[in-house]
There are 2 protein chains.
Amino acid sequence: MASIAPLSFNPTFLTTHFSKLQNNNCYSYASCYPRGLNNRRCNFCIVMVRGRRSSSRRSVDLVNGKKVNGVHVEAPVFSGEKRGSLLVEESGAIEGEKPLHDCLLGRFVEDKFVYGQTFIIRSYEIGPDKTATMETLMNLLQETALNHVTCSGLAGNDFGATREMSLRKLIWVVTRVHVQVQRYSCWGDVVEIDTWVDAAGKNGMRRDWIIRDYHTREVITRATSTWVIMNKETRRLSKIPDQVREELTPFYLNRIAIPTDQNDSEKIDKLTDKTAERIRSGLAPRWNDMDANQHVNNVKYIGWILESVPITVLEDFDLTSMTLEYRRECRQSNLVESLTSTTTTATGDLSKNLHYTHLLRMQPNKDEIVRARTQWNSKPKQYFTN
Amino acid sequence: MASIAPLSFNPTFLTTHFSKLQNNNCYSYASCYPRGLNNRRCNFCIVMVRGRRSSSRRSVDLVNGKKVNGVHVEAPVFSGEKRGSLLVEESGAIEGEKPLHDCLLGRFVEDKFVYGQTFIIRSYEIGPDKTATMETLMNLLQETALNHVTCSGLAGNDFGATREMSLRKLIWVVTRVHVQVQRYSCWGDVVEIDTWVDAAGKNGMRRDWIIRDYHTREVITRATSTWVIMNKETRRLSKIPDQVREELTPFYLNRIAIPTDQNDSEKIDKLTDKTAERIRSGLAPRWNDMDANQHVNNVKYIGWILESVPITVLEDFDLTSMTLEYRRECRQSNLVESLTSTTTTATGDLSKNLHYTHLLRMQPNKDEIVRARTQWNSKPKQYFTN
């Protein structure tokens, strides 16, 4: 368990290029290049809710350094705060930039409990079937989660970690992700992603997401993930320290994106040379697959998993459900194998619904990296009216 | 020349999943799935300039179907118009959504001549050195260019093509791109991209871009590209038909992003087995490298080029200049080789500035895909203040 991979929340990400500048007991950030043009003194992160279409959500002001909604949020101690304060000045949002801030970074909705961000599906985020790829969805989920942490005022100096975590050299690592896609968006579609967190047992955290079509409000994707805390130096798992729990608890929301009876919480079988129907060897990380911590970005794993799925399935079916169990980090020097097999316990119309089990493993010693389970539905026929 | 690769502006991209719905001489779009929830009648694309910080640009209204600024822009004939009308209703912008439209799709500035869009560098758009990658920049340039065409009201039913082009089955193909990066942005930095087009000789078009740091207004990247027209069925190059020229000319702006004496317009030498210092073979396109036309997305070429660059260079140097000469399309079944060599004619301090020539070619028959030239500057030292 001590080798579970961080979900691109990189332990050392911000430690070197953001700097703590102490001025009159306030803190600011330095640009990652020595130009100093972006330096500011005493940034405060001010987040106010914005009116949303078809929404009955309550409004809220969340101001760093003031007790709001029962949460005392200090002025940033670590310079990782930079992002939350990018579009605000010392005394508040720059005039006219509030909508831009909301669009680029998102905003709190439903008091402090839910964080939302609106995205347009860009031209380069679609795949061969002309819709957003699963990688695109996972990237957008990650982006919303990180902006949630940043704008909560809790961010420490590691990707997604809180300040009390960073003080203790603790980082989040994801152990499991489950995504259910009802419909993939097309190029130019606008989607709205909501995310929130809750406790997961005694020493875990659950993060859920809902993706809606911006115009129809239809829920098109649901996702849930489980996180534990790891010491980034010893790489050992840790209990959640009381101080960290105190930071997190006010944000916990007892709500689930995926109803329990529809969730995929079963263990994923381990594929072997004997049980795998297809093995794709020789997958080598490219330089650009690496994240800031010299690990393979976890979203890249999806691409490798797909490499052992039959191409006719990739062409004619939609990936409607995916569960990933992260087991081990992968670095650039590692050569990887992708294994896929039909899930034997699957039921239903197997011509329209396919069920697969997958394994990514190190090629030389067969150490597991990720186990996965996917479901695929045959694509709906295209819609012609002319 | 007839085999030059489209810059991800895919010939058949919109032909199947957007449909022309004729209602009272107006046209709309259909969702890419047969749900019909997004269907609208009579969409008009209304684009108005928005106040910008530190900008003395003139304001302009551009309304489809009306003659504005000397340009008569018809109501969309092809349903590829969908994107421009996503956030506007029949009678104008949905109340409160104008800033969202501007943020997600961009807006015209300086009358109709320049199109601008603001982006935040997202968590998954940075590389191992914690700054935006060259791929990220190229993706954002492509996105801005496509939104420019969409919001101009000229878009046909292929990626970036005009209506008169689509009527003649013509598409744009990029022959050359040159990018100069003064500084790479960090995670959370906000950048503003401006783009415009001009004639390039008798039968070409030039598209330029400027990327500025949103807060400092510093120009951090300049780019220029050359485009020609190809018949998507015969794959032969075509002259620009008069009707297409009439569409384009009102948008031409006689301005260059890169001064002529700083541009890289020299031919790139062809590397061979004999002249290449490093050859990386066995590069296989992944399923997700494919675009909607089953070609390798041209931005992916950059990743392959980097595969034959020494890792110490990738780690310790910034890619400050890149020129790509596109020669041939690449499909999923193709196995690719990446060749790199030090440019022998380079001058200057070679410990701080590196110059390389590259070639991507088909592995079996050595057919050229892309020639490239890159320059690298040693990274500035990190900035510590605590």
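Here the structure is a predicted model, which means the values were calculated and not measured.

Focus: the overall build of chain A
When its secondary structure is counted, chain A shows 6 helices and 20 strands. Of all 386 residues assigned to chain A, the portion counted as buried reaches 63%. When the accessible area of chain A is evaluated, it comes to approximately 14,400 Å², of which 47% is carbon and sulfur surface.

Regarding the side chain of B:Thr323
Residue and element names in this part refer to chain B. Along the chain, the position of Thr323 falls in strand S17 (residues 317-326). At 2.9 Å, the side chain of Thr323 forms a polar contact with the side chain of His178. Ignoring anything within four residues of it in the chain, the contact list for Thr323 reads Arg176, Val177, His178, Asp264, Ile268, Arg371, Ala372 and Arg373.

Regarding the packing of aromatic side chains
Residue and element names in this part refer to chain B. This structure, assessed with the given rule, holds 9 aromatic pairs over all chains. With a centroid separation of 6.1 Å and 45° between ring planes, the pair formed by Tyr301 and Tyr326 is classed as tilted. With Tyr301 in helix H5 (residues 300-306) and Tyr326 in strand S17, this pair connects stretches of sequence that are 25 residues apart. The class for Tyr301 is buried, based on a relative accessible area of 1%. With a relative accessible area of 3%, Tyr326 lands in the buried category. The ring of Trp196 has Arg255 lying over it, and the distance from NZ or CZ to the ring centre is 5.5 Å.

Thoughts on the packing of helix H1 (residues 98-105) of chain A against helix H1 (residues 98-105) of chain B
For any two helices packed against each other, the geometry comes down to the angle between their axes and how far apart the axes lie. At a closest axis distance of 9 Å, the pairing of H1(A) and H1(B) adopts a crossing angle of 50°. The angle between H1(A) and H1(B) places the two elements in the oblique class. Judged by the twist between their axes, the crossing of H1(A) over H1(B) is right-handed. Contact residues: H1(A) offers A:Pro99, A:Leu100, A:Cys103 and A:Leu104, while H1(B) offers B:Pro99, B:Leu100, B:Cys103 and B:Leu104.

Description of the nonpolar core
Formed by 154 residues in total, the largest nonpolar core has its most connected members in A:Met138, A:Trp376, B:Met138 and B:Trp376. Residues contacting B:Met138, with those up to four places away along its chain left out, are B:Val177, B:Val179, B:Asn298, B:Val299, B:Ile302, B:Met322, B:Leu324 and B:Tyr326.

What about the confidence of the model for chain A?
Residue and element names in this part refer to chain A. Residue-level pLDDT values for chain A average 77, and 72% of them are 70 or greater. Considering each helix and strand of chain A separately, the mean pLDDT is smallest for strand S1 (residues 21-23), with a value of 25, and largest for strand S13 (residues 204-213), with 98. Low pLDDT, under 50, characterises residues 1-93; the predicted model gives this stretch 295 contacts beyond four residues in sequence or across chains.

Quick look at H1(A)
Residues and elements named next belong to chain A. The buried fraction of H1 amounts to 7 of the 8 residues, a majority that puts the element mostly inside the structure. For H1, the complete set of buried residues consists of Lys98, Leu100, His101, Asp102, Cys103, Leu104 and Leu105. Two residues or fewer after H1 comes Gly106, characterised by a positive phi angle close to 90°.

With respect to the environment of A:Ala161
All names here are of chain A. Turning to its location among the elements, Ala161 is positioned in the loop between helix H2 (134-152) and helix H3 (163-167). On the basis of relative accessibility, which here comes to 0%, the residue Ala161 falls in the buried class. When the C-alpha atoms of Ala161 and Ile171 are compared, they prove to be 5.7 Å apart, with 10 residues separating the residues in sequence. Setting aside residues up to four positions removed in sequence, Ala161 forms contacts with Val149, Leu154, Ala155, Gly156, Ser166, Leu170 and Trp172.

Looking at the side chain of A:Glu110
Residues and elements named next belong to chain A. With respect to the element layout, Glu110 can be found in the loop between strand S9 (107-109) and strand S10 (114-120). On the accessibility criterion, Glu110 (17% relative accessible area) is buried. Polar side-chain contacts of Glu110 include one of 2.7 Å to the side chain of Arg255.

Notes on the environment of A:Met290
Counting through the fold element by element, A:Met290 comes out in the loop between strand S16 (278-283) and helix H5 (300-306). We classify A:Met290 as buried; its relative accessible area is 3%. Note: C-alpha distance between A:Met290 and A:Arg331 (41 residues apart in sequence) is 7.6 Å. If sequence neighbours within four positions are ignored, A:Met290 has contacts with A:Pro285, A:His295, A:Val296, A:Arg331, A:Gln332, B:Gly127 and B:Pro128.

Quick notes on H2(A)
Residues and elements named next belong to chain A. In this model H2 runs 27 Å from its N-terminal to its C-terminal C-alpha over 19 residues, within 8% of the 27 Å that 1.5 Å per residue would give. Burial analysis of H2 places 19 of its 19 residues in the buried class, which makes it a mostly covered element. Positive backbone phi, approximately 85°, marks Gly153, located one or two places after H2.

Notes on the pairing of strand S18 (residues 336-342) of chain B
All names here are of chain B. S18 sits mainly inside the fold: 6 of its 7 residues count as buried. Bridge analysis of strand S16 (residues 278-283) against S18 gives 4 bridges, and the strand direction is antiparallel. Looking across to S18, one finds that Arg280 is bridged to Ser338. Of the pairings in the sheet, the one linking S18 to strand S19 (residues 353-362) comprises 7 bridges and is antiparallel in character. From the neighbouring strand, Leu339 faces S19, where its bridge partner is Leu359.

Details of the pairing of strand S11 (residues 170-181) of chain A
Residues and elements named next belong to chain A. Judged by how many residues are buried, S11 sits mostly within the fold: 12 of 12 residues are covered. In this structure, S11 lies alongside strand S17 (residues 317-326), joined through 5 bridges in antiparallel fashion. The residue of S17 that forms the bridge with Gln180 is Ser321.

Considerations on the pattern of salt bridges
In a structure, side chains of opposite charge can pair up when their charged atoms sit close to one another. Per the counting criterion, the structure on display carries 51 salt bridges over all chains. Between A:Arg183 and A:Asp213 there is a salt bridge, and its shortest N-O distance comes to 3.1 Å. On the criterion of sequence distance, the pair formed by A:Arg183 in the loop between S11 and strand S12 (190-200) and A:Asp213 in strand S13 is long-range, its members being 30 residues apart. The class of A:Asp213 is buried, set by a relative accessible area of 3%. When the shortest N-O distance is used, the salt bridge between B:Asp289 and B:Lys300 registers 4.0 Å. Here the residue B:Asp289 occupies a position in the loop between S16 and H5, and B:Lys300 occupies one in helix H5, the gap between them amounting to 11 residues. Taking relative accessible area as the criterion, B:Asp289 reaches 4% and is therefore assigned buried. What emerges from the salt-bridge pattern is a single network uniting A:Arg176, A:Asp264, A:Glu325, A:Arg327 and A:Arg373.

So, how was this worked out
Residues numbered from 1 in each chain as written. Chains lettered and ligands numbered in written order. Predicted model: local features only at pLDDT ≥ 70, side-chain atom pairs only at ≥ 80, totals over all residues. Heavy atoms only, no water. Helix = DSSP H or I, 4+ residues; strand = E, 2+ residues; numbered from the N terminus. Buried < 20%, exposed > 50% of the residue type's maximum accessible area, 1.4 Å probe, protein only. Areas by Shrake-Rupley, 256 points an atom, 1.4 Å probe, with all protein chains shown as cover. Polar contact = N/O pair within 3.5 Å; in protein donor to acceptor, adjacent residues only side chain to side chain. Contact = heavy atoms within 4.5 Å. Phe/Tyr/Trp six-rings, centres within 6.5 Å; stacked < 30°, edge-to-face > 60°. Lys NZ or Arg CZ within 6 Å of the ring centre and 35° of its normal. Axes fitted to C-alpha atoms, helices over the stretch in contact; angles between N-to-C directions. Parallel < 35°, antiparallel > 145°, perpendicular 65-115°, else oblique. Left-handed = near helix turned anticlockwise from the far one by under 90°. Core = buried A, V, L, I, M, F, W, Y, C linked by side-chain atoms within 4.5 Å. pLDDT = per-residue confidence, 0-100. Expected span 1.5 Å × (residues − 1). Pairing = 2+ DSSP bridges. Salt bridge = Lys/Arg side-chain N within 4 Å of Asp/Glu carboxyl O.

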